[in-house]
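Structural characterization, general
Chain by chain, the residues run as shown.
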Amino acid sequence: MTDTPIFAGVAESLRTAANLLSATSDTPRLDAELLMAHALGVERQALLLDPGRYEVPDHYANLVATRMAHTPMAYIVGYRDFWTIRIEVGPGVLIPRPDSETLVEACLDIARREREEGWPSRVLDLGTGPGTLLLAVLSEFPEATGVGVDASDFALAYARDNAEQLGMADRSEFRSGDWGAGIDGPFDLILCNPPYIGDGEMLLPDVADHEPAEALFAGADGLDDYRRIVPDLPRLLAPRGIAVLEIGASQHISVRELAEAAGFDVACRQDLGGRDRALILSRSPRGSQ
Ligand code: GLN
């Protein structure tokens, strides 16, 4: 097999690429197909329906080699689907993770069960990156407006483009900043997926070697940014406002303690893998009088 040209017809190239990628990826066949679709400029569905229609583009081999070097798929194809929207990303910007959809689910549940129609009206996303959480939530609440803050101007450029692409530019504003500094409330809903990985923790090479460290690591115990963000939330939140924070799977108790010290009631929500993933902070009823 190794003597035959690696990339012959599409079907055979997909098989070869999937074999090559099995050492790098948990989803080698899917990656091979998405790279082929990307190289051809078609949707994966179209490719799979009729692979015989297409010829393998010359640069497919390069794309496969790039992926074999652990470059994340999202950086190669230029986007990651998140919730129901497409978020464009590139190197230097944190890639949206399915786990973070837990925060969007939490917001929808609260809106349906615990709040009146029209909530939330004003949304803040601290550490918005390419606009991931803010744009997903605004897509669910067509009357809401939002502000996304990030320390990376590079990420904010993606966020603004994404808002434009998704038709939400008139409802969203993106500001360069250090968490809540210089931002005035009140907000009905605050979203935040800060860096929360402990400095010494091992990550997969896709993440460790390619994604921005400043969006991932937060001191020895991964709590440095929560320590700065949580005490500022009472100032930023409306009286019946809610803050939804992403946490690492082992950080429920430590972040809960920070939130309780700031006067919040705290609930925890798990991701689809059953891991603690989101803390939901609301003012305790006495505090909201
Ligand atoms: N959950 C992400 C990861 O494990 C971390 C994202 C973050 O630090 N906010 O790669």
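First, a word on what this report is: a plain description of the structure on this page.

Cut-offs and rules
Residues numbered from 1 in each chain as written. Predicted model: local features only at pLDDT ≥ 70, side-chain atom pairs only at ≥ 80, totals over all residues. Heavy atoms only, no water. Near = heavy atom within 4 Å. Polar contact = N/O pair within 3.5 Å; in protein donor to acceptor, adjacent residues only side chain to side chain. Areas by Shrake-Rupley, 256 points an atom, 1.4 Å probe, with all protein chains shown as cover. Nonpolar A, V, L, I, M, F, W, Y, C, P; charged D, E, K, R; others polar. Axes fitted to C-alpha atoms, helices over the stretch in contact; angles between N-to-C directions. Helix = DSSP H or I, 4+ residues; strand = E, 2+ residues; numbered from the N terminus. Parallel < 35°, antiparallel > 145°, perpendicular 65-115°, else oblique. Left-handed = near helix turned anticlockwise from the far one by under 90°. Contact = heavy atoms within 4.5 Å. Salt bridge = Lys/Arg side-chain N within 4 Å of Asp/Glu carboxyl O. Buried < 20%, exposed > 50% of the residue type's maximum accessible area, 1.4 Å probe, protein only. Core = buried A, V, L, I, M, F, W, Y, C linked by side-chain atoms within 4.5 Å. Pairing = 2+ DSSP bridges. 1 Å grid on protein atoms, 1.4 Å probe; cavity = no way out; pocket = protein on both sides within 12 Å on 5 of 7 lines; lining within 4 Å. Points joined across faces, edges and corners; volume = space filled by probe spheres on them. Phe/Tyr/Trp six-rings, centres within 6.5 Å; stacked < 30°, edge-to-face > 60°.

1. Here's the deal with the site of the ligand
For the ligand, the full set of nearby residues is Arg97, Asn193, Pro194, Pro195, Tyr196, Ile197, Ala215 and Leu216. Take Pro194: an N or O atom from its main chain is 2.7 Å from a nitrogen atom of the ligand. Between a nitrogen atom of the ligand and a side-chain N or O atom of Tyr196, the distance comes to 2.9 Å. Starting from 300 Å² of accessible surface for the ligand in isolation, the protein chains cover 86%. Here the shell around the ligand is composed, by residue class, of 6 nonpolar, 1 polar and 1 charged.

2. Some remarks on the packing of helix α1 (residues 10-21) against helix α4 (residues 60-68)
Describing two packed helices takes the angle between their axes plus the distance from one axis to the other. Axis separation between α1 and α4 bottoms out at 10 Å; the angle between their running directions is 20°. Classified by the angle between their axes, α1 and α4 sit roughly parallel to one another. Between α1 and α4 lies a crossing whose hand is right-handed. Facing Ser13, Leu14, Ala17, Leu20 and Leu21 of α1, the residues of α4 in contact are Tyr60, Val64, Arg67 and Met68. For the contact of α1 with α4, a count of residues per class yields 7 nonpolar, 1 polar and 1 charged.

3. Notes on the pattern of salt bridges
In this structure the tally under the stated criterion is 21 salt bridges. For Arg67, the salt bridge goes to Asp206, with nearest N and O atoms at 3.0 Å. With Arg67 in helix α4 and Asp206 in helix α9 (residues 205-208), the pair connects residues that are 139 residues apart, well separated along the chain. Each member of the pair, Arg67 as well as Asp206, carries the same accessibility label: buried. One salt bridge in this structure joins Arg275 and Asp271, with 3.1 Å as the shortest N-O distance. Take Asp271: its relative accessible area is 5%, and that puts it in the buried class. Salt bridges linked by common partners bring Glu105, Asp109, Arg112, Arg113 and Arg269 together as one network.

4. As for the nonpolar core
Counting 37 residues, the largest nonpolar core has Leu189, Leu191 and Val244 as the members making the most contacts within it. Elements with a minimum of two residues in this core: α5 (73-77), β2 (85-88), α6 (101-114), α7 (132-140), α8 (153-165), β6 (187-192), β7 (237-246) and β9 (276-283). Top element by residues in this core is α6. It accounts for 7 residues. Excluding its chain neighbours within four sequence positions, the residues that come into contact with Val244 are Leu103, Ala106, Cys107, Leu189, Ile190, Leu191, Cys192, Ala278, Leu279 and Ile280. Grouped together as the second largest cluster of nonpolar side chains are 30 residues, Ile190, Tyr196, Ile229 and Phe264 included.

5. What about the sheet that holds β7?
Read from one edge to the other, the open sheet built from 7 strands follows the order β5-β4-β3-β6-β7-β9-β8, with strand pairing classed as mixed. At either margin of the open sheet sits one strand with a lone partner, and together these are β5 (172-176) and β8 (264-270). Averaged over all pairs of adjacent strands, the angle between their axes in this sheet comes to 20°, without regard to strand direction. When β7 meets β9, the two strands line up antiparallel, connected through 5 bridges. Within β9, the position partnered with Val244 by the bridge is Ile280. With respect to the sheet, α8 is in contact with β4 (145-150) and β5, its orientation differing from that of β5 by roughly 170°.

6. Brief notes about the layout of surface pockets
In this structure, the largest pocket spans a volume of roughly 1,500 Å³. Along the walls of the largest pocket sit 50 residues, with Arg80, Ile95, Pro96, Arg97 and Pro98 positioned nearest its centre. Only α2 (28-40), α5, β1 (79-82) and α9 provide two or more residues apiece to the lining of the largest pocket. Element by element, the count of residues in the lining of the largest pocket is highest for α2, at 5 residues. In terms of residue class, the lining of the largest pocket is built from 24 nonpolar, 10 polar and 16 charged. Counted as a void, the second largest pocket has a volume near 470 Å³. If you go around the second largest pocket, you meet 30 residues; those closest to its centre are Gly127, Gly129, Asp150, Asn193 and Ala215. Within the residue set of the lining of the second largest pocket, elements represented by two or more residues are α7, β4 and α10 (224-229). Looking at the lining of the second largest pocket, its residues break down into 14 nonpolar, 9 polar and 7 charged.

7. Overview of the packing of aromatic side chains
To describe a pair of aromatic rings, one takes the distance between the centres and the angle between the planes. If you walk through the whole model with that rule in mind, you get 2 aromatic pairs. Measuring from centroid to centroid gives 5.7 Å for Phe154 and Tyr158, while their planes differ by 80°, and the two rings are edge-to-face. One end of the pair, Phe154, and the other, Tyr158, are both in helix α8, 4 residues apart, so they sit about a helical turn from each other. Taking the relative accessible area as the measure of exposure, Phe154 reaches 45% and is therefore partly exposed. A centroid spacing of 6.5 Å and a plane angle of 10° characterise the contact between Tyr196 and Tyr226, whose relative ring orientation is stacked.

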